[in-house]
Amino acid sequence: MRNLSLCKSEFSKKINGVKMTTQTIKQLYRNTDSFADKEVKVNGWIRTIRGSKAFGFIELSDGSFFKNIQIVYENNLNNFEEIKKLPISSSLEIEGVLVVTPNAKQPFEIKATNVKIVGVSNSDFPLQKKRHTFEYLRTIAHLRPRTNTYSAVFRMRSVMAYAIHRFFQEKDFVYVHTPIVTGSDCEGAGEMFRVTTLDPAKANVDENGDINYKEDFFGRETNLTVSGQLSVENFCMAYNKVYTFGPTFRAENSNTARHASEFWMIEPEIAFADLSDDMDLTEEMMKYLLQYALDELPEEMEFFNKFIDKGLLERINNVINSDFARITYTEAVEILEKSGEKFEFPTVWGSDLQTEHERFLTEKHFKKPVFVTDYPKDIKAFYMKQNDDGKTVAAMDLLVPGVGEIVGGSQREEIQDKLEARIKEMDLDIKDYWWYLDTRKYGTVPHAGFGLGFERLIMYVTGMSNIRDVIPFPRTPKNAEF
RNA sequence: UCCUCGGUGGCUCAGUUGGUUAGAGCGGGUGACUGUUAAUCACUAGGUCGUAGGUUCGAGUCCUACCCGAGGAGCCA
């Protein structure tokens, strides 16, 4: 277990002329012994409250920890009657004595000596002391981080973001900020959102009736990025090991539990490396991230395992301790043909694997993450390394149970002539790629990389089954209210 | 975008072959209660049934269109 040291950002305030340090609930849980029977001060929001004639209980959350803290308030407080009537989600500053309660449901509680009401909530606060559906909570996305599940999910999101940087930085990767606004359509990974300052109500057209992008802000057509890969490959030729981690936008009309219009992607790129190195990196990264989640947020993981996905901990431990399977696309097709399973779509060499095929491979056949490599070249992108067989490319997809494709990557075609031939073959305009092709022109090296869908990682780690529930304010078709 | 299912008080749901004043639990309000943990008990307010149109003596209940949501598919991360 990693050392969970005290948060160093303690801050002090003068309350009633007496200087007192505010503790986070996390600190109180992690170092209960050193606070026992001592004066402490906490602040936060009421999760539940109940009162009787002479005393009452408050469960307070300050966001620092998955668990809440129980406050006991009694009628010796001058504002006892006022406290008793507070609606859920009111905000408080509380001073009191921490009392260890070994025989109760909670390990300790605070006997309040002073309860300062900071902000009174309203009785129409929509979150109740009962289970809500995720569908309903999506309609109040601005309030849902105040629930157990979303509090845990978004804390995990934060911790995983940090873990990603930590993993790559410890390996001397350089973090590259690739542009969000990109200059052309040459990324070729999907439908794009336009970026423009042209007034759609005016006819900004030239003599041919085409939109005149020369008059647009950047003097050319621009879009939101669908991938940082082409940019990061250039930096890879300078730094050897690089990664991007940032938002990505796809204007696809996808209505599934695992697609969003705005999502975050991690894209490492390594030089002097082939597909096998790429998979090694992927596997090491995945195991590191899962272990990090277990070490840093054990309470949240326990909660996910209990209430979101019963087999979660077992599955994750299994993944950490086993080697990922590695098969070629051709082998995958053979496995599927021999499986005896009835698939809606037949498995034919040359066509892409269907979701049902991927699920069978990772969930039923291997029962663990599996890399599928060397896909037919015609179903993959132009930049992928062409294999000697003339039919396949050095691509890989990592499939995991429950989520499906979580990583897609490849070795890149580093030979300029071959890459250019492929661009022409696929009817792309070679002029758009002049700066990308320069990577091959000036000291080319074999290199490889992949894209990890950050939200899919969070889904995998938490067991949440809908991508809309792992993004604070999700953007999907017909949904951008918050 | 396609297929399937659904849309009833703040939330979660029930609502019989279309038939008279649409029900429950939770939540809200009021009161009671010396230890609660989704506390408990009593009383109380609150909906015209996604939207628009149609069939019918009569529609939450049947039909059509549209909107929204969920699951699956395609696209992928």
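Here the structure is a predicted model, which is why all the values come from computation and not from measurement. (Residues numbered from 1 in each chain as written. Chains lettered and ligands numbered in written order. Predicted model: local features only at pLDDT ≥ 70, side-chain atom pairs only at ≥ 80, totals over all residues. Heavy atoms only, no water.)

### Comments concerning the confidence of the model for chain A
If pLDDT is low for a region, its predicted coordinates should not be looked at in detail.
Next, step 1: For chain A, the mean per-residue pLDDT works out to 91, and 94% of the residues sit at or above 70.
Next, step 2: Here residues 1-17 is modelled with pLDDT under 50, and outside its nearest four sequence neighbours on either side it reaches 29 contacts, counting other chains as well.
Next, step 3: Among the scores for the predicted complex, ipTM is 0.91 and pTM is 0.92. (pLDDT = per-residue confidence, 0-100. Contact = heavy atoms within 4.5 Å.)

### Structural notes on the sheet that holds strand E9 (residues 181-182)
Next, step 1: Strand order in the open sheet formed by 3 strands is E9-E11-E10, with antiparallel pairing between adjacent strands. Of all strands in the sheet, those with a lone pairing partner are E9 and strand E10 (194-195), marking the two edges.
Next, step 2: In the sheet, E10 pairs with strand E11 (residues 222-224) via 2 bridges, with the strands oriented antiparallel. Opposite Arg-194, over in E11, you have Asn-223 as the bridge partner. (Pairing = 2+ DSSP bridges. Helix = DSSP H or I, 4+ residues; strand = E, 2+ residues; numbered from the N terminus.)

### Comments concerning the pattern of salt bridges
Next, step 1: Overall, the coordinates contain 27 salt bridges when judged by the stated rule.
Next, step 2: The shortest N-O distance in the salt bridge between Arg-412 and Glu-269 comes to 2.8 Å. With Arg-412 in the loop between strand E17 (404-411) and helix H12 (416-425) and Glu-269 in strand E13 (residues 262-271), this pair connects stretches of sequence that are 143 residues apart.
Next, step 3: Looking at Arg-412, the relative accessible area reads 2%, which means it is buried.
Next, step 4: Via salt bridges that share partners, Asp-280, Glu-283, Lys-287, Asp-323 and Arg-326 belong to a single interconnected network. (Salt bridge = Lys/Arg side-chain N within 4 Å of Asp/Glu carboxyl O. Buried < 20%, exposed > 50% of the residue type's maximum accessible area, 1.4 Å probe, protein only.)

### Some details on the environment of Gln-386
Next, step 1: In this structure, Gln-386 sits in the loop between strand E15 (370-376) and strand E16 (392-400).
Next, step 2: Its relative accessible area of 17% is what places Gln-386 among the buried residues.
Next, step 3: Measuring from C-alpha to C-alpha, the distance between Gln-386 and Asp-374 comes to 9.2 Å, with 12 residues separating the pair along the chain.
Next, step 4: Leave out the neighbours within four places in its chain, and Gln-386 touches Thr-392, Val-393, Glu-413, Lys-418 and Arg-422.

### A short note on a nonpolar patch on the surface
Next, step 1: Together, Ile-180, Val-181, Phe-217 and Phe-218 make up an exposed nonpolar region whose accessible area comes to about 380 Å².
Next, step 2: Summarising the element assignment, Ile-180 is placed in the loop between strand E8 (174-175) and E9.
Next, step 3: A relative accessible area of 35% places Ile-180 in the partly exposed class. (Patch = residues over 30% accessible without salt bridge, like charges linked within 9 Å, V, L, I, M, F, W, Y side chains within 5 Å. Areas by Shrake-Rupley, 256 points an atom, 1.4 Å probe, with all protein chains shown as cover.)

### Considerations on the pairing of E15
Next, step 1: For E15, the buried fraction is high: 7 of the 7 residues fall into the buried class.
Next, step 2: The pairing of strand E14 (residues 325-328) with E15 spans 4 bridges and is parallel. The residue of E15 that forms the bridge with Arg-326 is Phe-371.
Next, step 3: Note: E15 against E16, 6 bridges, orientation antiparallel. The partner of Val-372 across the bridge, within E16, is Asp-397.

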